[in-house]
Amino acid sequence: MPACRGRRWAYGALAWLIFFVVSHVILVFVPGDDPTGDGPWDMRAYVIFNVVLISMSAIGAAVVLATVRPWARRLPRWLLLTPLLSGSALLVVRGVPGMVENLLMVTGVRRGGFVGVADIPTDEFWIGVGINTYFFAGAVLLVGTTVSYGCRPAGGAGR
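Below or above, wherever it landed, is the structure these notes cover. (Residues numbered from 1 in each chain as written. Predicted model: local features only at pLDDT ≥ 70, side-chain atom pairs only at ≥ 80, totals over all residues. Heavy atoms only, no water.)

Concerning the overall build of the protein
A count of helices and strands for the protein gives five helices and zero strands. From first element to last, N terminus to C terminus, the protein shows the α and β order α-α-α-α-α. When burial is assessed residue by residue, the protein has 33% of its 159 residues classed as buried. For the protein, the share of sequence-separated contacts (at least 6 apart) that also reach a separation of at least 24 residues comes to 71%. (Helix = DSSP H or I, 4+ residues; strand = E, 2+ residues; numbered from the N terminus. Buried < 20%, exposed > 50% of the residue type's maximum accessible area, 1.4 Å probe, protein only. Contact = heavy atoms within 4.5 Å.)

Here it is in structure tokens:
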């Protein structure tokens, strides 16, 4: 099965995770105009939220890299599969509805998405489409990595 032999899924997911970490580090240090959106959160909660996301993604990057490195063959499979499955589930829950929202928005069925207003400005429209597409791509890459690693024989992390 081709999915079991390729390293491309893992390297694609690694690139996605690195970009995610870097973008959220930037958001912590350069938050822009009121990132809390006048919501119930204060700036401290915003920073904590981003630090948690950065930590999870950095760990995820190490796990994804481990799936294709020879040194990881000595690790128990569950040690890599558990975070791979958890991360895949999180990205699927974020990415698939986002892609459905994209389809609704681009086709004009619901220009503001699930909860947005119909007269959304054009720049916000395309930013939303881009962000949703980004998370869907992350879901595809991490699920591909998980399937690829999961179907390899034990001790085959570097194959």
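Once you've had a look at it, read on.
Section: a nonpolar patch on the surface
A contiguous nonpolar patch, built from Val92, Val96, Val100, Phe114, Val115, Val143 and Val147 and spanning about 570 Å² of accessible area, is present on the exposed surface. Of all the secondary-structure elements, those providing two or more residues to the nonpolar patch are helix H4 (77–107) and helix H5 (122–150). In terms of residue count, the dominant contributor to the nonpolar patch is H4 (three residues). Inspection of the secondary structure puts Val147 in helix H5. According to the relative accessible area criterion, Val147 is partly exposed, its value standing at 44%. (Patch = residues over 30% accessible without salt bridge, like charges linked within 9 Å, V, L, I, M, F, W, Y side chains within 5 Å. Areas by Shrake-Rupley, 256 points an atom, 1.4 Å probe, with all protein chains shown as cover. Salt bridge = Lys/Arg side-chain N within 4 Å of Asp/Glu carboxyl O.)

Quick word on H5
Between its first and last C-alpha atoms H5 spans 42 Å; for 29 residues at 1.5 Å apiece the expected length is 42 Å, and the two agree. Those residues of H5 that fall on the buried side of the exposure criterion are Phe125, Val129, Asn132, Phe135, Gly138, Ala139, Leu142, Gly144, Thr145, Thr146, Ser148 and Tyr149. (Expected span 1.5 Å × (residues − 1).)

Description of the nonpolar core
Residues Trp16, Val64, Leu80, Leu84, Leu91 and Leu142 are the most contacted members of the largest nonpolar core, which totals 21 residues. Taken together, the elements giving at least two residues each to this core come down to helix H2 (8–29), helix H3 (43–66), H4 and H5. The greatest single-element share of this core, amounting to six residues, is contributed by H2. Apart from the residues within four sequence positions on either side, Leu84 is in contact with Val63, Val64, Thr67, Leu142, Thr145, Thr146 and Tyr149. (Core = buried A, V, L, I, M, F, W, Y, C linked by side-chain atoms within 4.5 Å.)

Some words on the layout of surface pockets
Roughly 410 Å³ of internal volume is contained in the second largest pocket. Along the wall of the second largest pocket there are 19 residues; nearest its centre are Met56, Ser57, Gly87, Leu90 and Leu91. Mapped onto the lining of the second largest pocket, the elements with two or more residues apiece are H2, H3, H4 and H5. Within the lining of the second largest pocket, the residues separate by chemical class into 14 nonpolar, four polar and one charged. (1 Å grid on protein atoms, 1.4 Å probe; cavity = no way out; pocket = protein on both sides within 12 Å on 5 of 7 lines; lining within 4 Å. Points joined across faces, edges and corners; volume = space filled by probe spheres on them. Nonpolar A, V, L, I, M, F, W, Y, C, P; charged D, E, K, R; others polar.)

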